[in-house]
Amino acid sequence: MSKNRVWNKGKRNGGGGPAPGTGYKEKLAEAARAEGKNPEIDYNNPINQVRPMKRDNWVERPVRVVREQPKT
């Protein structure tokens, strides 16, 4: 059976996903455009920003000490 003639195409054999323009995010963006809203990402929202981690309150764990048993 050829690659494009299988009945249940998956991600490993050539397709299967939604057709272009019919995915969930694309439908949401199209609905927002229809309402007159701008579906672009708002980078002023802190959720959409990438910042360095605050490391001033980190706690370091003590090193685990492995004690050797004396040979008897």
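Look up a bit, the structure's there.
Residues numbered from 1 in each chain as written. Predicted model: local features only at pLDDT ≥ 70, side-chain atom pairs only at ≥ 80, totals over all residues. Heavy atoms only, no water.

Undergrad: How should the overall build of the protein chain be read in this particular structure?
TA: If you tally the helices and strands in the protein chain, you get one helix and zero strands. Sorting the 72 residues of the protein chain into buried and exposed places 4% on the buried side. Accessible surface, the protein chain: about 8200 Å² in total, of which carbon and sulfur atoms supply 52%. (Helix = DSSP H or I, 4+ residues; strand = E, 2+ residues; numbered from the N terminus. Buried < 20%, exposed > 50% of the residue type's maximum accessible area, 1.4 Å probe, protein only. Areas by Shrake-Rupley, 256 points an atom, 1.4 Å probe, with all protein chains shown as cover.)

Undergrad: Explanation requested: the pattern of salt bridges in the structure shown.
TA: A side chain with one charge can pair with a side chain of the opposite charge if their charged atoms come near. Applying the stated criterion across every chain, the model contains one salt bridge. In this structure, Arg33 engages Glu30 in a salt bridge whose closest nitrogen and oxygen atoms are separated by 3.5 Å. Taken together, the residues Arg33 and Glu30, both in helix α1 (residues 24–34) and three residues apart, mark about one turn of the helix. For Glu30, a relative accessible area of 48% translates into the label partly exposed. (Salt bridge = Lys/Arg side-chain N within 4 Å of Asp/Glu carboxyl O.)

Undergrad: Would you explain the environment of Gln49 in this entry?
TA: With respect to the helices and strands, the residue Gln49 is situated in the segment after α1. Taking relative accessible area as the criterion, Gln49 reaches 27% and is therefore assigned partly exposed. When near neighbours in sequence (up to four residues on either side) are disregarded, Gln49 contacts Tyr43 and Asn44. A polar atom in the side chain of Gln49 sits 2.6 Å from the side chain of Arg51. (Contact = heavy atoms within 4.5 Å. Polar contact = N/O pair within 3.5 Å; in protein donor to acceptor, adjacent residues only side chain to side chain.)

None of this, on its own, says anything about what the molecule does.
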